Structure formats: C-alpha cells, structure tokens
Amino acid sequence: MGKKCILVVDDEENIRFLYNEELHDMGFSVELAKNAAEAEEKLRDKKPDLIILDIKMPDVDGIELLNRIRSNDTTTPIIISSAYNDYKQDFNVWGAEAYVVKSSDLTELKGEIKRILWGDNP
Amino acid sequence: MSSDIIDVEILREIGRIANSDIHIDERLKVIISVIIEKTGADASSILLLDQHDNNLIFKATQGLNPDLINKIRIPVDKGIVGYVVRNKEIVALSVAADDPRFEPVPGIGEERFKSVLAVPILHKGLAIGLIYNQTVAEKTYTKREIELLEVIAEQVTGVIRNSQLYEKTCQHLSSLLSLNYFNERVNSSTNTGDLLNDLAGESLKMVKGDASVVWIVAEDKLVPMAHAGGDIGGPVIYEPIKIGEGLIGKVAEERKGLIVNSPDVWGEDMFVRAASPKAVIVVPLLVGKKVVGVLAVADKVGAERGDYIGFEPEELEILSSLSVYAAMAINRLDIYKKLERVSAEREKKIKELAILHEIGVAIQTVPDFNTLIRLILGCITVGDGLGFNRAMLFLVNDETNMLEGTMGLGPDSMDEAVDIWRSMPKIDNLVKWLLTHDYKDQGTGTHLNNLVKNIRVPIDSSGGILPMTLIKGKSFNVPDASQHPYIDRDFIEKIGTNSFAVVPIIVREQHIGVILVDNCYTEKEITEGDIEYLVHFTSYIGLAIHNRRLFKKLRESHNDILVIQNKLLRSEKLSALGELTAELVHELKNPLMVIGGLTRRIISNPNIDPDKYDRYNRAIQDEVSRIEKLLKEIQTNSRLVTTELAETDINMLIEDIIFFYEHTSRDRMVDIVKELSNDVGRCLIDADRFKQVIINLVHNSMDAMPGGGTLTIKTEPVKDDYNNGIMLTVMDTGTGIPPNVIDRIFDPFFTTKDDGTGLGLAMSKKIVEAHGGTIDYRGRPGGGAIFTIYIPKVGEGSMLVQANISSKKVRHH
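Residues numbered from 1 in each chain as written. Chains lettered and ligands numbered in written order. Predicted model: local features only at pLDDT ≥ 70, side-chain atom pairs only at ≥ 80, totals over all residues. Heavy atoms only, no water.

### Focus: the overall build of chain A
- Tallying secondary structure elements over chain A gives 5 helices and 5 strands in all.
- Within chain A, the fraction of its 122 residues that count as buried is 50%.
- Looking at chain A as shown, the accessible area adds up to about 5,800 Å², and 45% of this sits on carbon and sulfur atoms. (Helix = DSSP H or I, 4+ residues; strand = E, 2+ residues; numbered from the N terminus. Buried < 20%, exposed > 50% of the residue type's maximum accessible area, 1.4 Å probe, protein only. Areas by Shrake-Rupley, 256 points an atom, 1.4 Å probe, with all protein chains shown as cover.)

Right under this line is the structure:
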C-alpha cells in the first residue's frame, strides 16, 4: 500500500510550504492547491485521503469550496484550518471532520490528522 | 445563472428598497413581489408582530386576499405562523394541511395552497414577524431555498428598522414646519379660546397623538380649557386639578415636562384612570419661571396601526417648544386683556404688542443669529419700541462658565442720541424698518458695543449684579446703583450710569443670560410696567437661541439616517472597529504561523540541509516584511478617531493631489481630466484624512489602467430636499471591478491586488462616513470604475436656512 495522500488548499505560498514540509516528515504524500479552481482540478485527477482547507481565499472561499466538494463527495475527510476563531462551532454543520485554528504549533493539526487517518486517540 | 448570483441580486434589490423613500407598507409590497419572482412561490406574505397585544398583523401579500391587509390579527399562540414566531423556528412543509399546527385563517384564501415555507424575521434576537411562502403544488423545500428565504428575512429586518427611522425624521421635520406656522398663528390671535383649541389640535398632529388636553392655571388650580382628538374619559377629567396632585398637577408644580411610556408607573391618577392611554407626554406651559398651564397628549393611534413605538425624547422636545410659544401667547393675551381696561395707556401698549408679534415672526424668518439679536435689542431701544436709551446683552458661555458681554446697542453720547431720534422717520412697522434700515453701523462698531464685549464676569456672588440676576432668575430695577449691595463703584463707572434695570433671560428652565437697560440720556424713570415688557422681550431672545439648537439637532439626526441607509444598502458585515480588530488578528496569524512553524523546524533539526535552511530564512523574512508593511499601513490609515474638522476648499485639495501625480500619470500614459465646479464652495472636513481618500481612489484608478487611459475627477454641488453637500466623482477607463466581488470591496483586508493590504477602500469608507458622507461604486459603461463620494455640508451659519428649506418641502407619509 502506497503513502496516504493529503491535499492542502491555502492561498498563501509560505503556509503551503510549511504544511508540505511537516506532512512529508509525517510520511504523507502531499498535493498543494492555491485556490478552489486548482483544488477542483486536482480532485478530478485523484481522490486524496484527506483535505486540509483554508477559509479565507480570494474568489471562492473555503466554505463554498467545501460545499462544492460535499455535493458529490460525502466521504473524504476534511480539516478546516483557518486563522478565524469564530467559526469553530460551525464546522460539523458544513460537513467537515475537524476545525483547527492556525498556529505556529502544529501539534493540534497533526493530532487531528492522526485521529482521522490512523484512528489514534489524541 | 448560478444561485450565488441570484442571492446577490436579491440583496441588491432589497437594499434598493431599503434606501427608497416610500412608506413601509409599500416597501413590504415591493419586497413580496421580489420574493415571488426570485423564489418561485405562488403566494408570499409578510406578517408583523404587534408586541403590545401579541397579535400577528397581516401586512403584505401576493397570492392571498389583499383586502385583508392590516385587518387580520392572528394571536401568536395560533397556527403555523404563531409557531414560527414563538419558537423563532423555520417551518417547511410539503403538505401543510397534514401538519397538526396548521389552522387555516378564514377568508384569506389559503385553501388552494399545499406547501408552506415560513421563516421568522428576527431583530436583536426577537421575532418581529415572519415571511410565509406557499405553493399550489406539493413541494419539498431544499436547504438552498430555505437559506435563501432566511437571507431575505434578515434584509427585511433592516428595511423595517430603516423605515421606522426614516418616518421618524420626516415626522420631526414636519413638526418643525408646524411649529413655525403655529407661532405665526398664535402671534396674530386675539382670542384665548381659539388659541387653546389651536394648541390642543396642533400638539396632537405634531406627535401623532390620539387625544390632548390643555389646562390653564387659575389661582392654585388647573382648569381644563380645551381638548382635541378622541375620547378622553368624559366629564371626570374636566374637573379642576390641584397643583401638585396627580401626574398633571405634579408637572405644573415641578415645571418639568415628562414622557411616560409604561402605564404601570402612573399609579392612581384621575387623568390616567379616565383616559387610560398607553403613553403620555405632559409639558408645562411656562413663561420664564411662571406656570400658566399644562398640556398633555395621550397616544393610542400607534397601537391600532400595529407599529406602536411609544414617545421619543425628541417629541418631548418638540412639544416643549410648542408650549413655549403657546405660553407666551397666552401670557400676551392675558396682559392684553388687562390693558383693555386701562384706556389711557391703551394705544401705546397695543403698539408694543404689535412689535412683539413682529418679533415672533422675525424669529422664524431671520436666519442669522446676530441680526436677530440686534433686531431684538433694536426694538428695546429705538424710540417707538420700548424706548430704552441703551441695551446690553450678556450670555452664559457653558465652556468657561462665565457671563460674557455679547452685544451693546445705543448711542454713545447725548448728541448722537438726539441726532438719531431727530432723524428717525415716523415708523409704521418697526421691525421692518429695523431690518431694512442700515442700523447695523450704530450697533456693532460703537464704543458701547466694544465696552460690553469686554465685560466678562464669573457666575457667582463675586461677579456683582449681572451674575446675581442670572443666578436668582429675577429682575432688578436699580434707581440708585451706588446704594445697591451687589454693585460696586467700578461697575457704575464702566457702564456710565447710576440707574438701570437688569432682567434674566430664561428659556425652558435654563438661565442663559441677562439684559441690562438704562435711560442714561433721557433720565426717564424705569417703571415696573417697562420691566414686565422687557421680560417678555427676553423670552424671544431665549427662543432664538433655543431654536438654533433645535435646528442643529434635527439636522444632525437627518444626517444619521443617511449614514444608516447607506450601511444597509451594502449589507456590510464588518463595520465596527471591534470587527476590524478581529480581522487584523486574522491577518497577523498567517505570517506568524509561518515564522513560528519554520523556526520550530530549524530548532528541532540541527542538521538541516543548507538549501532548506536558506529557503526557510527567506520565507521568514518575507513574512516579517509583510507584517511590517501591514503595520505601517495601519499606522497611516487609522488616526480616524481624532478627526479634526476645518473649513476646506475641496477643489484646492484635489488640485494639490493632481499636481503630485502629474509625473506618474505622464509615465503611465494616463490623462487626468478635471471637472471641478466653482459652486461647491468650502466645507467642513478633516483635510488630511480626506486627502487620503482621494489619493486611495486615484492610486487604485492608476493601478487599474496599466496600459494608460483617462482619469476624471469631478466635483459638483448637491442641493435638494434632503441633501446639501458636495458630490465628488473619480472615474477611470481601466479594468473595473469584477461583479462577483463588488459587495466586498469596502471590507477591510479584501484585495484583488497581489501586493495590496485591502485597507485603502475600507479606510476610505470609514473616513467618508466619519464625515457623515457616503461612498459608492458603480461600473462605467464601456469598462472602468466610477467611485462617488457625497459629503454633507454642516455649517454653523447655513444651518437655520437649511432646516427651513428642508422642512418646507418635506413629503408626508
């Protein structure tokens, strides 16, 4: 069995770079998209095992993209990773698996990834 | 068409409705037709809650029986509509009749419909009504459709709130107009009965009351003399009320008007028991400190219409003003009657009454405060008027708490006095003569005026006779100043007379100044009768000052409404400074995550690959510069809180900016076209802040025309019923703004540029709004952007004229 694949959608280059470094270290293969259009294109090619999604992006924002993904794919787990605190209660309404507030300490994000993909208890 | 575009269109259409100046019932009707068109419902209705009796009122419909609008009242514990409002819950049913909550309302025509989608209209967490959609066929509502109606309901809340504010302003302006007419009428009235009936009727109209009563003081009792409007409790309230007893008696005793919007606090009161109103305004009729009567207005009209909102402080203000006019007229008629008995004095006194009338009218028509004050002092001093030799006005300065000389009027020497009196023609109408005659020279430039303007005394017992008159609120007739305990020798020498009188100026319980008069040339004795008239004159000065404040207030509240309307139109989400801070936090978190995250990696991997190490450092450096840039932008943009207003020539400001951009525009092949109107004049703005707004727009336009183009900057005056200000337009022939982001361009941190911070337009909007103005975007036909800024003119001098203009043309709803 090959490496599990994670798709990261974030409009900021350096953030994508940081995720890429960390997720590689965890042993995942990583796909990067800088906006909704790129993400949708990558999703058409290959279904990832997990999606990490930013909320605030120009054009189509993360919540709208999440809606679009969920309209034909209800199973791929999605983690929302945003700098906003305010939406934290709402993530399961939107159909996401977890909501992590952006922080330089990635322990919480990694914990959620492990829980979702490996069934670890955080 | 995607559903997003539908959403935006609906919001925009409802925004337009919110901003139009039609009556709320009409607005709701238009909203209903928008809902029908956009949601595909066969019937749609809006019901609003009357919070006083918990009934839902059928306010607008398309599809159900329109004859029953405003007629059907459904108790909130009944039916699906009641359920929605009680529980603040959405109800969607494919077959409504199958639901146990369904209770059809007879006569409304609900039988032919099957499905129901009902969404509550919420305001501050309370349900104030609902939207009720129906279809003939069975229908299962999708999540999308439910959300759409929810969004519409949110907008309807804004429309309702906006309508209430708008109608209130219209009402206030029309009250001001009535106040003017009323004053003209009472000044020419010679019959007390007519006057009181007029007062009762007018007060009712002004605050949209249901019934009103006027009591007049006779000995220690209040005798009801006139009433207007509906049933006010029969004979019970027509018994005289003792001063100090009950609500009415207390107002007379305490000489202070009040609003009572809750029946519980009234207790046992004869008037209240008999009239049982939902709310009352009671004001005393005061002449100076003397109570001549009481006016009460009871409100019931609103409750029957279903949008009862109680009385507002502004309405108390308006009735208080009305009562000042009325009280003065009553007092005048009272004196008039006494005079008729004294035939010897009669002719002279009638002339004086005529002058009082003229001054009353002049207060309404002479816009300039100084001219008005000079006119009133003129009436006191010119031969045919009260005939005092000199008059000196002192007003309280609230900021310094000093009594300050404002104006002195009268000849400087005996010779001059004789000259003036001899040259004065026989005058029919003194006020007219004073207004047309160039008497200004003998007022402002004189030795007396300069002398008065240099007098400034503290408001306590150390300041002598002037502050004592003010503090005690009573007149002093001083035949021999050298014997008077409050007067020292210095003061006598300064004003150059040993006998004079000082009278306080009191308006609505406030002591605002004093007037000193003398007969230093003719040495005529000042009688008690003279002082009585003088007191009457001073109340006009008080009124002039009071009027000026009232006009200013109305003008301000009108501007507030414009700001609110604009906010609604854009249905903006991030307006408060607090939300701006939340956005800022968000904006800082991203770079900090990168900086922190990469630093952690460097620390935990000591043997890191040198290339990687470089890459990490570059990213960290990038993000640090980004934060620095952001902070710099905030620093230059956020001094908003302390706006410093100054009279500014906007055209000059624009010329300065264009000069600055001349070089850049040539490089970028941009033609700058100026269309600056010479009629815009100066206006009160914070020039530095405003400059930044224009620079932001010019900058954006330049960026939008990378291949060159035309940038047009235009100014023009705007003057109509509601506006008096300046319109500034910045137009370019660039790429314009994509339709899908137009609604977000004023949001903080929203940007379409690679290197933008998204603060330029957001801050521009805040600056313009801090000036009471509006900023709007529209696309230019043929490509490009048009930004328009409206700035109202708020000028001290123009205010009176403004309020008069707007009140005379106001439309009634």
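Let's pick the thread back up.
### Details of the overall build of chain B
- When helices and strands are tallied, chain B shows 24 helices and 25 strands.
- When contacts within chain B are restricted to residue pairs at least 6 apart in sequence, long-range pairs at least 24 apart make up 65% of them.
- Here chain B displays about 37,200 Å² of accessible surface, and carbon together with sulfur accounts for 52% of that area. (Contact = heavy atoms within 4.5 Å.)

### Comments concerning the pairing of strand 6 (residues 126-135) of chain B
All names here are of chain B.
- The element strand 6 is extensively covered by neighbouring structure, given that 9 of its 10 residues are classed as buried.
- As defined by bridge partners, strand 1 (residues 43-50) adjoins strand 6 across 6 bridges and the pair is classed as antiparallel. Across the sheet, residue Ala43 finds its bridge partner in strand 6, namely Gln134.
- Pairing geometry for strand 5 (residues 115-123) and strand 6, over 9 bridges, is antiparallel. Paired with Ser115 across the two strands is Thr135, which belongs to strand 6.
- Joining the antiparallel neighbours strand 5 and strand 6 is a turn of 2 residues, in which Lys124 adopts a positive phi near 50°. (Pairing = 2+ DSSP bridges.)

### Details of the sheet that holds strand 24 (residues 774-779) of chain B
Residue and element names in this part refer to chain B.
- The strand order across the open sheet built from 5 strands is 20-22-23-25-24, with neighbouring strands paired in mixed fashion. Edge strands, defined here as strands with exactly one partner in the open sheet, are strand 20 (670-676) and strand 24. Each strand axis lies, on average, 15° off the axis of its neighbour in the sheet, ignoring direction.
- Relative to strand 22 (residues 709-719), strand 20 runs parallel, the two being bridged by 7 bridges. (Axes fitted to C-alpha atoms, helices over the stretch in contact; angles between N-to-C directions.)

### Regarding helix 21 (residues 650-667) of chain B
All names here are of chain B.
- Taking 1.5 Å per residue, 18 residues should reach 26 Å; helix 21 reaches 26 Å between its end C-alpha atoms and fits that length.
- The axis of helix 21 is deflected most strongly, by about 50°, at Tyr661.
- The set of residues buried in helix 21 consists of Ile650, Asn651, Leu653, Ile654, Ile657, Ile658, Tyr661 and Ser665.
- Its side-chain oxygen at 3.0 Å from the backbone nitrogen of Asn651, Asp649 defines the N-terminal cap of helix 21.
- Remark: Met669 follows helix 21 within two positions and exhibits a positive phi of approximately 55°. (Expected span 1.5 Å × (residues − 1). Bend = angle between axes of the 7 residues up to and from the residue. Polar contact = N/O pair within 3.5 Å; in protein donor to acceptor, adjacent residues only side chain to side chain.)

### Some thoughts on the pairing of strand 4 (residues 78-82) of chain A
Residue and element names in this part refer to chain A.
- A large share of strand 4 lies buried, amounting to 5 of its 5 residues.
- What you see with strand 4 is no split at all: Ile78, Ile80 and Ser82 on one side and Ile79 and Ser81 on the other are buried throughout.
- Relative to strand 4, strand 3 (residues 50-53) runs parallel, the two being bridged by 3 bridges. Following the sheet pairing, Ile51 is matched in strand 4 by Ile78.

### Points about empty space enclosed by the protein
Residue and element names in this part refer to chain B.
- Enumeration over the complete set of coordinates arrives at 8 cavities of 30 Å³ or more.
- Of the volumes computed, that of the largest cavity is approximately 70 Å³.
- Along its surface, the largest cavity is lined by Leu286, Val287, Gly288, Val324, Met328, Ile506, Val507, Arg508 and Ser539.
- Counting residues per element, the ones that place at least two in the lining of the largest cavity are strand 11 (279-287), helix 9 (313-341) and strand 17 (500-507). (1 Å grid on protein atoms, 1.4 Å probe; cavity = no way out; pocket = protein on both sides within 12 Å on 5 of 7 lines; lining within 4 Å. Points joined across faces, edges and corners; volume = space filled by probe spheres on them.)

### Looking at the packing of helix 22 (residues 687-704) of chain B against helix 23 (residues 760-770) of chain B
Residue and element names in this part refer to chain B.
- Helix 23 packs onto helix 22 with a crossing angle of 145° between their chain directions and a minimal axis gap of 9 Å. Here the hand of the crossing between helix 22 and helix 23 comes out left-handed. Residues Arg689, Phe690, Val693, Asn696, Leu697 and Asn700 of helix 22 pack against Gly760, Leu761, Ser764, Ile767 and Val768 of helix 23.
- Looking at side-chain class alone, the contact of helix 22 with helix 23 contains 6 nonpolar, 4 polar and 1 charged residues. (Left-handed = near helix turned anticlockwise from the far one by under 90°. Nonpolar A, V, L, I, M, F, W, Y, C, P; charged D, E, K, R; others polar.)

### Some points on the environment of Asp25 of chain A
- Relative to the elements of secondary structure, Asp25 of chain A occurs in helix 1 (residues 13-25).
- Engagement of the side chain of Asp25 of chain A in a polar contact is seen with the side chain of Arg601 of chain B, the distance being 2.7 Å.

### So, the sheet that holds strand 17 of chain B
Residue and element names in this part refer to chain B.
- Judged by pairing direction, the sheet is antiparallel, and its 6 strands sit side by side in the order 15-14-13-18-17-16 without closing on themselves. Pairing within the sheet leaves two strands with one partner each, and these edge strands are strand 15 (456-458) and strand 16 (476-478). Taking the axes of each pair of neighbouring strands and ignoring which way they run, one obtains an average angle of 25° across the sheet.
- Alignment of strand 14 (residues 402-409) against strand 15, held across 3 bridges, turns out to be antiparallel. If you follow Glu404 over to strand 15, its bridge partner there is Arg456.
- Helix 11 (residues 369-381) rests against strand 13 (390-397), strand 14 and strand 18 (510-518) of the sheet, and its axis sits at about 65° to strand 14.
- The strands that helix 16 (residues 465-472) touches are strand 13, strand 14, strand 15, strand 16, strand 17 and strand 18; relative to strand 18, the one it contacts most, it runs at about 135°.

### As for the packing of aromatic side chains
- Summed over all chains, the structure comprises 6 aromatic pairs over all chains.
- For the pair Phe28 of chain A and Trp118 of chain A, a centre-to-centre distance of 5.6 Å together with 25° between the ring planes defines the contact as stacked. One end of the pair, Phe28 of chain A, is in the loop between helix 1 and strand 2 (29-33); the other, Trp118 of chain A, is in helix 5 (residues 107-118), and 90 residues separate them in sequence.
- The partly exposed category is assigned to Trp118 of chain A, whose relative accessible area is 42%.
- Feature note: the residues Phe746, Tyr777 and Phe787 of chain B constitute an aromatic cluster, connected by ring pairs.
- Sitting over the face of the ring of Phe17 of chain A, Arg615 of chain B holds its NZ or CZ atom 3.7 Å from the ring centroid. (Phe/Tyr/Trp six-rings, centres within 6.5 Å; stacked < 30°, edge-to-face > 60°. Lys NZ or Arg CZ within 6 Å of the ring centre and 35° of its normal.)

### Thoughts on unusual backbone geometry
Residues and elements named next belong to chain B.
- The backbone of Asn70 shows a phi angle near 65°, a positive value even though the residue is not glycine.
- Turning to its location among the elements, Asn70 is positioned in the loop between strand 2 (55-62) and strand 3 (73-75).
- Asn70 gets classed as partly exposed once you look at its relative accessible area, which sits at 36%.

### Focus: the interface of chain A and chain B
- In this complex, chain A contributes 23 residues to the contact, which on the side of chain B involves 24 residues.
- Summed over both sides, the interface between chain A and chain B buries roughly 2,200 Å², with carbon and sulfur atoms accounting for 48% of that surface.
- Of all residues in chain A, Asn14, Phe17 and Ser104 of chain A bury the most surface against chain B, accounting for 25% of the area lost on that side.
- Scanning the region where chain A abuts chain B turns up 6 salt bridges.
- Across the salt bridge formed by Lys56 of chain A and Glu587 of chain B, the nearest N and O atoms sit 3.9 Å from each other.
- The interface formed by chain A and chain B contains 9 residue pairs in polar contact (both at pLDDT 80 or more).
- Residue classes in the side of chain A that touches chain B are distributed as 9 nonpolar, 4 polar and 10 charged. (Buried area = accessible area lost by both parts, 1.4 Å probe. Salt bridge = Lys/Arg side-chain N within 4 Å of Asp/Glu carboxyl O.)

### A few points about the nonpolar core
Residue and element names in this part refer to chain B.
- Ranked by size, the top nonpolar core spans 64 residues in total, and within it Val214, Leu285, Leu377 and Ile380 carry the most contacts.
- Element by element, the count of residues in this core is highest for helix 9, at 12 residues.
- Beyond its immediate chain neighbours, meaning those up to four positions away, Leu377 contacts Ala391, Leu393, Met407, Leu409 and Ile515.
- Core analysis: the second largest hydrophobic core is formed by 36 residues, Leu653, Ile657, Val670 and Val693 among them. (Core = buried A, V, L, I, M, F, W, Y, C linked by side-chain atoms within 4.5 Å.)

### Focus: helix 22 of chain B
- Here helix 22 of chain B contains 18 residues, and its C-alpha end-to-end distance of 26 Å stays within 8% of the 26 Å for a straight helix at 1.5 Å per residue.
- Of the residues making up helix 22 of chain B, those classed as buried are Arg689, Phe690, Gln692, Val693, Ile694, Asn696, Leu697, Val698, Ser701, Met702 and Ala704 of chain B.

### Examining the environment of Lys453 of chain B
Residues and elements named next belong to chain B.
- Checked against the element boundaries, Lys453 lands in helix 15 (residues 447-453).
- By relative accessible area, which is 46% here, Lys453 ends up partly exposed.
- Taking the C-alpha atoms as reference, Lys453 lies 4.4 Å from Gly405; in sequence the two are 48 residues apart.

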